[in-house]
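One letter stands for each residue in the lines below.
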2 protein chains.
Amino acid sequence: MREKWVVHFHEGNAGMKDLLGGKGANLAEMTRAGLPVPPGFTITTDACRFYMNNGGMLPDGLWEQVKEALQHLEKESGKRFGDPDSPLLVSVRSGAKFSMPGMMDTILNLGLNDRTVEGLSSATGNPRFAYDCYRRFIQMFGDVVLEIPHYLFEKIINERKEKAKVQYDTELEAADWKEVTSRFKQLILRQTGKRFPEDPMEQLRQAAEAVFKSWNNARAKVYRKMNRIPDTLGTAVNVQMMVFGNMGEDSGTGVAFTRNPSSGDRELYGEFLLNAQGEDVVAGIRTPQPIRVLQEKMPEIDQELKRICQELERYYQDMQDIEFTIERGKLYILQTRAGKRTAQAAVKIAVDLAYEGIIDRDEALLRIAPEQLDQMLHRRIDPNAPKEVLAKGLPASPGAASGKIVFDADQAEQLAGKGEKVILVRPETTPEDIHGILAAQGILTTRGGMTSHAAVVARGMGKACVCGLEQLKIDLRLKEAVLGEIRLKEGDFISIDGSTGQVIRGEVPLIDPELSAEFRELLNWADERRVLGVRANADNPVDAGKARQLGAEGIGLCRTEHMFMEAERVPIVQEMILAETFAERERALAKLLPMQKEDFKGIFREMDGLPVTIRLLDPPLHEFLPNSEELIVELTKMQMQGRDKEEEYLEKEKLLKKVRALSEFNPMLGHRGCRLGLTHPEIYEMQVKAIFLAADECRREGINVMPEIMIPLVGHVNELKRMRELVERVAAETVKEGEAISYSVGTMIEVPRAALTADEIATEADFFSFGTNDLTQTTFGFSRDDAEGKFLHGYVENKILADNPFVTLDRKGVGQLVRLGVEKGRSVKPELKVGICGEHGGEKNSIQFCHEAGLQYVSCSPFRVPLARLAAAQAAISVKKEQKQKN
Amino acid sequence: MREKWVVHFHEGNAGMKDLLGGKGANLAEMTRAGLPVPPGFTITTDACRFYMNNGGMLPDGLWEQVKEALQHLEKESGKRFGDPDSPLLVSVRSGAKFSMPGMMDTILNLGLNDRTVEGLSSATGNPRFAYDCYRRFIQMFGDVVLEIPHYLFEKIINERKEKAKVQYDTELEAADWKEVTSRFKQLILRQTGKRFPEDPMEQLRQAAEAVFKSWNNARAKVYRKMNRIPDTLGTAVNVQMMVFGNMGEDSGTGVAFTRNPSSGDRELYGEFLLNAQGEDVVAGIRTPQPIRVLQEKMPEIDQELKRICQELERYYQDMQDIEFTIERGKLYILQTRAGKRTAQAAVKIAVDLAYEGIIDRDEALLRIAPEQLDQMLHRRIDPNAPKEVLAKGLPASPGAASGKIVFDADQAEQLAGKGEKVILVRPETTPEDIHGILAAQGILTTRGGMTSHAAVVARGMGKACVCGLEQLKIDLRLKEAVLGEIRLKEGDFISIDGSTGQVIRGEVPLIDPELSAEFRELLNWADERRVLGVRANADNPVDAGKARQLGAEGIGLCRTEHMFMEAERVPIVQEMILAETFAERERALAKLLPMQKEDFKGIFREMDGLPVTIRLLDPPLHEFLPNSEELIVELTKMQMQGRDKEEEYLEKEKLLKKVRALSEFNPMLGHRGCRLGLTHPEIYEMQVKAIFLAADECRREGINVMPEIMIPLVGHVNELKRMRELVERVAAETVKEGEAISYSVGTMIEVPRAALTADEIATEADFFSFGTNDLTQTTFGFSRDDAEGKFLHGYVENKILADNPFVTLDRKGVGQLVRLGVEKGRSVKPELKVGICGEHGGEKNSIQFCHEAGLQYVSCSPFRVPLARLAAAQAAISVKKEQKQKN
């Protein structure tokens, strides 16, 4: 049997990518599906490998097979290669198994020469078109195959335009192009010492070899190395008959979507032009007509197109984006692919396809990229509006916002009070800026990363936030900021997009989120399939309510420190911290107690019947104190002025001392979490008391309260043991006997030691909640606030890390600890409840991991709850599929 | 067979602790060894358990057995219980399996009553002694058995003293004590409604029951709970005949060490008093005589004692500390135990015992607590000198130092230049203080912990250092420091003990370290037995030389950053950091290159033929820049003064900006280690070039150079891969072809992810070195600098953690990662060399762990090398022993 180097489109299928490359396999598949694809054939990757391994020699028999294939094409098309009357023209394209930049580009219209160009001219009745095609072919061939610098061809065209005194290529006429082609050929002769090959077979041979050679050009090699694509794969060569839509009024070209890509509605969508080629549409010389007009103009073609569209949808089981050409009353499909669509359309189409029985509901769920849902839940910038992007910071909290620039929190509050929309722009924010953040539409900071104060607070509030825009230089005295050449003053309008990190000049129109019926339906299907529970991270009743509305099944993380950060409380919190006697501290705590109690009551009411995991105070106390640098500046000034305000000076000096005493070299690894609870039990006692008083009062209102008390930063079982004793004691003291409230006590697993010794820790825990933000920081030894600004970006860019581990959970390292923790914990307590409350709980790959690792739930910010519901369903479906495939 | 509730001393042995308690088993063992121990018997823990389980009822037959045992005692002693002429007196003591506070105290002289006291009086010829004994017995009995408050007895004594117009108990006479006893008895009748029991059998019964009851008192219960001692063990009761050394000139009492506890010399050492009781020695009324005088006074007793001492050493195979009493010419041994000794003596005794064939060399090695060696290698405070301890900080670098206080580095250098001894006292130190540290005898800081700059540098230099003495308030302007009430001025003398953290007023005499022949002998034995290699952490030729002299087999960690911190280099390092163009940075690096090269040459010369592990730059760059607070103060001052020095202001402002830009929230987790090497390859390139230039030049001198280049802070294999490429490239560029220097490239394992993915990392590493300091920080999530000052101390004190994990390696958490790392690393590369270079490398328990985990070597500071050699030998011996026991 002779070796087969050439495969016709009708002989192949989608599974033959190794042999035919991606493009070739695809063309074969379309042909197989009965689509009117222009006929053609593929020279296989085997031939390429042979060529590479044999010093650039084509295998024996290849050329005979190409000739046979061409004859077949001629038969199918009724045209002949090199026939001046009815010339067969072909395109030549490279096509490796994986799509790769750097490979040889397409060559169109191969087969043209001085004689066949005349045939094309008379067939289309358009000499200008024919010579334009011809010069394009020579130009591409010269550039790609003969490697003549591109600019030399451009120079010839420009000279012609000068001579003709015109500005654009489109203004040149047939004669001009004819002249250009002849000068192109002179150029080729000059550059290569050989004439441009008039023989179409010779053209084809040179083009095919050029494709093979391009496999080993420098750019392609680098790309393969970076993407770990083996050098031995080789590329295929696709040869396909050209068709023309400009052969008269019975010809045309167009693009059709099988459904509306914007709304998802079930209607043919697109546009076409009669007697035109694709370039004409792109060039914008003539205005295309909406696709519905095709029915009037060419009712039969319209029928056929509609039928094909329907078939294609059924065949590919998805909405298709189709390029077609009509050549003399015959419809050709040039390309079909899954159509790009908006998030709204994606959801509607998936649900509709399921209802139409084209796909099942599992498949419908898999069709939606979970992160798309995110844009449906926040206001976003109108994608159709023009915008001037000034810079890009870290996308710290999704959503978009426009408003006037203000540089301090008081000013923000004041202007917002007058109904103005403002964007708070700060070097960084502190608890003292909370009222400003609350008043602003969005926040922009120059320092800090995805876990900076501004980012965390903004995400909690669902406000847009862009962080770490280091190139923005703020001068707080002058109330202005400089971004490169641009000066932004207080009161100037600015817009930010917290989903992309973009900072945009001026006001930009925003679009409100829409929650369609299909969206709800899809999430219901997700809920039926997912195994993971989905909870929300929420610190106040508003967020809790929002979370419940979006489908949260409880609160997985209620951070009590945000309750300490409200403007009117900060002074009391400071009073507590600065207390010099136990009595003073107790007094301050007594003032905080009723406030905390009301916080919890509000949340319990919203979450009636659902569990609420409350984390006791976590951050180091110095976070609630003023900044030492500011104090130093003030003190130095007072010193220089002579100390006429002796008392105030001493007061400030005392404050500075305390700030210094509490300051830490590495606050992330410092005196926080349960370490605070152990050294200052009175703070945790107050919090626990507030929780149980609130629970008790709510119960009397008939509310079903399910508190879960979470101890942060445990690294040794003894820490949890002591804290558990504290909780149990205070609970017993607070609630009357016989009316006990059912609660549980658990811990965050957020330092490696907790995961490594989970079998000990589980003996004292009712539940584990993996705090994967901190666990990622400690496992890598990365301070997120420092890493993201200083080196992590470069790590991802240079592929040292595949992903930012704060966005996508690092399976090998952090994930190994999570699995170890789950396994060890359950080994001593099989009923142990295990969840995750880091930001990874709202990211699809990480959710997939949580499903695989056997966690019971994920918890994420309220606006990410729908995403998590969908991702959890996808995880369940894909794992089930894999298992099926294995069996 | 009747149940046995009572066991005679001569019936038991040391193995019967469960039944007889620790004390009872010990007394039995001494009796068995043929020692003249005063006879007695033990009521078993079985009896106690019966008593507890049967509502306080003594078991049937117990009392008969006690009576029989007493008769036996009477026969042995020739005295009779309750006999007024020759009364048998006994002591009653509790004794559980584990020694426990909170249990009933000793009752002495039981058996005394109004009649027998007269017998004792005439037997001793000392009525004052007899009545003092009697009143003590009643007092103890009343307090312990009858639970009458202690102060009521004291009140009676005080009234008597007032009446007698004397100040001290010792001034009261026989008649006074007789009067006191009768008032004690009235008190007992008043308080209990019952008379004091005159019947010795009744006294004994009540005392025994009181011992049983005390097992369940509150203090004992809490202690057992804390120490996990089962409540069901119960206690035994020991009843032993009293002997008296004050029965005339043929009686006496004393203490003897079988060898000199200070020097270890083989000679009887101790003192004695004739016709005296132990209390007389303690009270200091009479001066005891040296033991050698006993030979003149009582030659036979002296002979017997010497014989017994020799026997005891052989029996217990160690130097003994013996209490003895001579009653009417008969020698009794009251107690023998291993004698306390100095480090010097410990070493000499162990080596001598081995030479004498009493123990083998393995045992000799096990006898020395490795940490004792530490005090032999540093100057220390003369233990006999009086001293006033002012406060206690963190013991950051061992050794002691005295000198004048200075508050800045320049002053330190200046005074030291004049031959003065100074102690540098600073809030904290920075690289700019290095010349001051070098000049000072010792360093005292108020901030920072065991890894602060001062601590690390001092340990490296072998200088005494006390850190984190937070209560010391320094006023740099006034050049004074305040510690509570005490004001310390510049020039005042102070002493510090870096082994204990003590800060002492004034100058204290210091003792130089002595390295005896026995010390060297012992370490040679250790070297023959240990499996672990021992290397040193050394950053300069002096330390390297010292390390080699102390037995180091290479350098396990050479920190190149300390080379950057030398005073004359800091400006160049700053120039490099502040460089705004690549060319400027290259210029600064070019200046550093020859300096680094000379550093390495010096070290290579010292370590000829031994491996040197060089860690490339590790700390974040901002550590080399000035402090931002100081800059802010200066800038604020300049602002207030009007900017007449505009240029200087702008310069400083620029510097501040850079300091700010480089500053980090959590430097420990920030832009350091190989992260620097990846973002600023030019720095590592310079260092690698310096290493290979130095190696090359040394090789030409005939030195055998063995560099091992260590990449710090690797968390992902790709980091190491890129850095390895850099090292290999620069090595190839630096050293001529054909003259390649053999070197290896490895990594620190110091973040959890490195250990968790060691199987990946090992593919790029020739060796692993566990950096357990940082690994402990990241595994626990403890910043050492913050934790030790703020909560870790409390954690250890309150038994949340058994040990400070920065001192003793945490086996469960950090150790688990080390084992995982070793296992995974060797799974892909069996020949992988694995060591440890954290401070744990110089701590005995951690060294034991390293041996068990199969590491090849430990590396520690030069002065800890002998300790490590010994500890490594002990680990090998004890593991071998365990295996033997298993087989």
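Quick caveat, the model's predicted, so the values are computed rather than measured. Residue numbers here run from 1 along each chain, matching the order of that chain's written sequence. Chains and ligands are labelled sequentially in the order written, the chains with letters from A and the ligands with numbers from 1. Only residues with pLDDT of 70 or above have their local features reported here, since the model is predicted, and side-chain atom pairs are shown and tallied only from 80 upward, although totals for entire chains, interfaces and linings are computed over all residues. Note that the side-chain values use all heavy atoms of the structure and ignore hydrogens as well as water.

Chemist: How should the overall build of chain A be read in this particular structure?
Modeler: The secondary structure listing takes helices from DSSP runs of H or I that are at least 4 residues long and strands from runs of E that are at least 2 residues long, numbered from the N terminus. In terms of helices and strands, chain A carries 35 helices and 31 strands. Considered along the principal axes of its C-alpha atoms, chain A spans approximately 105 × 70 × 60 Å. Note on contacts: a residue pair is in contact if any heavy atoms of the two residues lie within 4.5 Å. Counting contacts in chain A only where the partners sit at least 6 residues apart, residues at least 24 apart contribute 68% of the total. Just so you have it, chain A exposes about 37000 Å², and 48% of that area is on carbon and sulfur atoms. Charge convention: Lys and Arg are scored as positive, Asp and Glu as negative, and His as well as the terminal groups of each chain are ignored. Just so you know, the charge point we use is NZ for Lys, CZ for Arg, CG for Asp and CD for Glu. For chain A, the distance from the average position of its 118 positive side-chain charges to the average position of its 134 negative side-chain charges is 3 Å. For every accessible area listed, the method is Shrake-Rupley and the probe measures 1.4 Å; residues are considered covered only by the protein chains on display.

Chemist: What is the right way to look at the sheet that holds strand E7 (residues 269-274) of chain A in this model?
Modeler: Within a sheet, neighbouring strands are paired by backbone hydrogen bonds and run either parallel or antiparallel to one another. Residue and element names in this part refer to chain A. Here, any two strands with at least 2 DSSP bridges between them count as paired. Within the open sheet, the 5 strands sit side by side as E8-E7-E6-E9-E10. Their pairing is antiparallel. With one partner strand each, in any of the chains shown, strand E8 (289-290) and strand E10 (330-338) form the two edges of the open sheet. Strand direction decides the pairing type here: strand E6 (residues 252-257) and strand E9 (residues 320-327), joined by 6 bridges, are antiparallel. In the sheet register, Phe257 faces E9, and the bridge partner there is Asp321.

Chemist: How do you make sense of the interface of chain A and chain B when you look at a structure like this?
Modeler: By a widespread convention, an interface's size corresponds to the accessible area lost as its parts come together. Facing 61 residues of chain A, the contacting portion of chain B comprises 62 residues. Here's the idea: put two parts together, see how much 1.4 Å probe accessible area each one loses, and the total over both is what we call buried area. Summing the contributions of chain A and of chain B, the shared interface buries around 5600 Å²; its carbon and sulfur component is 55%. By the criterion of area lost to chain B, the three top residues of chain A are Phe665, Leu669 and Arg753 of chain A, representing 13% of everything that side buries. What makes a salt bridge here is a side-chain nitrogen of Lys or Arg within 4 Å of a carboxyl oxygen of Asp or Glu, nothing more. Run the count over chain A and chain B and you get 6 salt bridges. A salt bridge links Glu760 of chain A to Lys812 of chain B; its shortest N-O distance comes to 2.4 Å. Under the rule applied, a polar contact is a pair of N or O atoms within 3.5 Å (in protein, one hydrogen donor and one hydrogen acceptor; residues adjacent in sequence only if both atoms are side-chain atoms). Counting across the interface, chain A meets chain B through 40 residue pairs in polar contact (both at pLDDT 80 or more). Broken down by secondary-structure element, the contributors of at least two residues to the side of chain A that touches chain B are helix H24 (628-640), helix H25 (646-662), helix H26 (674-679), helix H28 (717-734), helix H29 (752-756), helix H31 (772-780), helix H32 (784-797) and helix H33 (811-828) of chain A.

Chemist: I keep staring at the sheet that holds strand E26 (residues 611-615) of chain A and nothing clicks. Help me out?
Modeler: Residue and element names in this part refer to chain A. Strand order in this closed barrel of 8 strands is E24-E25-E26-E27-E28-E29-E30-E31, and the pairing throughout is parallel. Each strand of the sheet is rotated relative to its neighbour by a mean of 30 degrees, with strand direction disregarded. Both strand E29 (residues 767-770) and strand E30 (residues 833-836) contribute to a ladder of 4 bridges, which runs parallel. Residue Ser769 lies in a different strand from E30, and its bridge partner there is Gly835. Against the sheet, H33 makes contact with E29 and E30, and its axis sits at roughly 180 degrees relative to E29, the strand it touches most. Fitted lines through C-alpha atoms give the axes, limited to the stretch in contact for helices. The angle between two N-to-C directions lies from 0 to 180 degrees.

Chemist: Explanation requested: the relation of the copies chain A and chain B in the structure shown.
Modeler: Note: a rotation about an axis with an accompanying shift along it relates these two copies of the chain. It takes a turn of 178 degrees to lay chain A on chain B, together with a shift of 0.3 Å along the axis; the resulting RMSD is 0.6 Å. Here the transformation between the copies is reduced to the relation of a two-fold axis. The share of interface residues of chain A whose copies in chain B are also at the interface is 100%, consistent with both copies meeting through the same surface. For the least-squares superposition of copies, only C-alpha atoms count, and only for residues with pLDDT at least 70 in both.

Chemist: I tried to follow the UniProt feature "binding site: Mg(2+)" (unreviewed entry) in chain A on my own but got confused; where do I start?
Modeler: Residue and element names in this part refer to chain A. UniProt positions are given in the numbering used here, feature names are shortened, and annotations may be inferred rather than shown by experiment. In this numbering, the UniProt entry assigns the feature "binding site: Mg(2+)" (unreviewed entry) to Glu750 and Asp774. Spatial clustering of the annotated residues is evident: they stretch over 25 residues in sequence, but the largest pairwise C-alpha distance comes to 5.4 Å. Three exposure classes are used, based on accessible area relative to the maximum for each residue type with a 1.4 Å probe and protein chains only: buried under 20%, partly exposed in between, and exposed over 50%. With a relative accessible area of 1%, Glu750 lands in the buried category. Sequence-distant contacts of Glu750, defined by excluding residues within four places in its chain, comprise Arg672, Pro712, Leu713, Gly771, Asp774, Leu775 and Thr778. A distance of 2.6 Å separates a polar side-chain atom of Glu750 from the backbone nitrogen of Leu713. When you line up the elements, Asp774 lands in helix H31. Apart from the residues within four sequence positions on either side, Asp774 is in contact with Met668, Arg672, Leu713 and Glu750.

Chemist: Can you walk me through unusual backbone geometry in this structure?
Modeler: It is generally the case that most residues other than glycine have a negative phi and that most peptide bonds are trans. The backbone of Glu147 of chain A sits at a positive phi, close to 60 degrees, despite the residue not being glycine. What makes Glu147 of chain A exposed here is its relative accessible area of 66%.

Chemist: Would you mind showing me how to read the pairing of strand E20 (residues 486-489) of chain B here?
Modeler: Successive side chains on a regular strand alternate, one facing one side of the sheet and the next facing the other. Residue and element names in this part refer to chain B. Burial along E20 is one-sided: Ile486 and Leu488 are buried, while Arg487 and Lys489, pointing the other way, are not. Two elements, strand E19 (residues 480-483) and E20, share 4 bridges in a ladder whose sense is antiparallel. When the sheet's bridge partners are listed, Glu480 is paired in E20 with Lys489. In textbook terms, the turn of a hairpin is the stretch between consecutive antiparallel strands, and for E19 and E20 this stretch comprises 2 residues, one of which, Gly484, has a positive phi near 60 degrees.

Chemist: Please explain empty space enclosed by the protein as it appears in this structure.
Modeler: Over the atoms, a rolling probe the size of a water molecule traces out where space has been left empty. Cavity means a closed set of points on a 1 Å grid over the protein atoms alone, one where a 1.4 Å probe fits but cannot get out, pocket means an open set with protein on both sides within 12 Å along at least 5 of 7 lines, and lining means a residue has an atom within 4 Å of a point. Grid points are joined across faces, edges and corners, and a volume is the space filled by probe spheres set on the points. A complete count under the given rule lists 1 cavity of 30 Å³ or more for this structure. Amino acids are sorted into nonpolar (Ala, Val, Leu, Ile, Met, Phe, Trp, Tyr, Cys and Pro), charged (Asp, Glu, Lys and Arg) and polar (every other residue, Gly among them). Of the residues belonging to the lining of the largest cavity, the class tally is 1 nonpolar, 1 polar and 5 charged.

Chemist: Can you help me understand the UniProt feature "active site" (unreviewed entry) in chain A in this one?
Modeler: Residue and element names in this part refer to chain A. In this structure's numbering, the residues bearing the UniProt feature "active site" (unreviewed entry) are His453 and Cys837. Of note, His453 is situated in helix H18 (residues 453-461). Excluding residues within four positions of it along the chain, His453 makes contact with Thr429, Thr430, Pro431, Ile434, Ile437 and Met565. Inspection of the secondary structure puts Cys837 in the loop between E30 and helix H34 (844-852). What makes Cys837 buried here is its relative accessible area of 4%. Residues within four places of Cys837 in sequence aside, it is in contact with Asn537, Gly556, Leu557, Met710, Met748, Ser769, Phe770, Gly771 and Ser859.

Chemist: Mind showing me how you'd approach the packing of aromatic side chains here?
Modeler: Both the distance between ring centres and the angle between the ring planes are used here to describe each pair of aromatic rings. Aromatic pairs are defined between Phe, Tyr and Trp rings, using the six-membered ring for Trp, whenever the two ring centres lie within 6.5 Å; interplanar angles under 30 degrees are classed as stacked, those over 60 as edge-to-face, and all others as tilted. Evaluated as defined, the whole model comprises 38 aromatic pairs over all chains. Taking 6.5 Å as the distance between ring centres and 85 degrees as the angle between the ring planes, the aromatic pair formed by Phe768 of chain B and Phe770 of chain B counts as edge-to-face. Neither Phe768 of chain B nor Phe770 of chain B differs from the other in exposure class; each is buried. Site record: aromatic cluster; members linked through ring pairs are Phe780, Phe782, Phe791 and Tyr795 of chain A. Geometrically, a lysine NZ or arginine CZ counts as sitting over a ring once it is within 6 Å of the ring centre and also within 35 degrees of the ring normal. Across from the ring centre of Trp177 of chain B, 4.3 Å away, lies the NZ or CZ of Arg135 of chain B, which sits over that ring. Above the plane of the ring of Tyr332 of chain B lies Lys330 of chain B, whose end atom (NZ or CZ) is 4.8 Å from the centre.

Chemist: Please explain the nonpolar core as it appears in this structure.
Modeler: The nonpolar side chains of a soluble globular protein tend to be buried, and buried together. Think of a nonpolar core as a cluster: buried Ala, Val, Leu, Ile, Met, Phe, Trp, Tyr and Cys residues, connected wherever their side-chain atoms sit within 4.5 Å. Counting residues in hydrophobic clusters, the biggest one holds 313 residues, and the most contacted among them are Phe604 and Ile711 of chain A together with Phe604 and Ile711 of chain B. Excluding residues within four positions of it along the chain, Ile711 of chain A makes contact with Leu616, Cys674, Leu720, Met723, Val727, Val745, Gly746, Thr747 and Met748 of chain A. Membership of the second largest hydrophobic core comes to 62 residues, among which are Val6, Ala47, Leu58 and Met201 of chain A.

Chemist: What is the right way to read the pattern of salt bridges from this model?
Modeler: Close approach of charged atoms allows side chains with opposite charge to pair. For the structure shown, the criterion picks out 144 salt bridges over all chains. A salt bridge links Arg672 of chain A to Asp618 of chain A, with the shortest nitrogen-to-oxygen separation between them at 2.9 Å. Of the two residues, Arg672 of chain A sits in the loop between H25 and H26 while Asp618 of chain A sits in the loop between E26 and H24, which places them 54 residues apart along the sequence. Both residues of the pair, Arg672 of chain A and Asp618 of chain A, belong to the buried class. Measuring nitrogen to oxygen at the nearest pair gives 2.8 Å for the salt bridge that ties Arg605 of chain B to Glu701 of chain B. Remark: Glu701 of chain B occurs in the loop between helix H27 (681-700) and strand E27 (706-711) and Arg605 of chain B occurs in helix H23 (residues 582-606); sequence separation between them is 96 residues.

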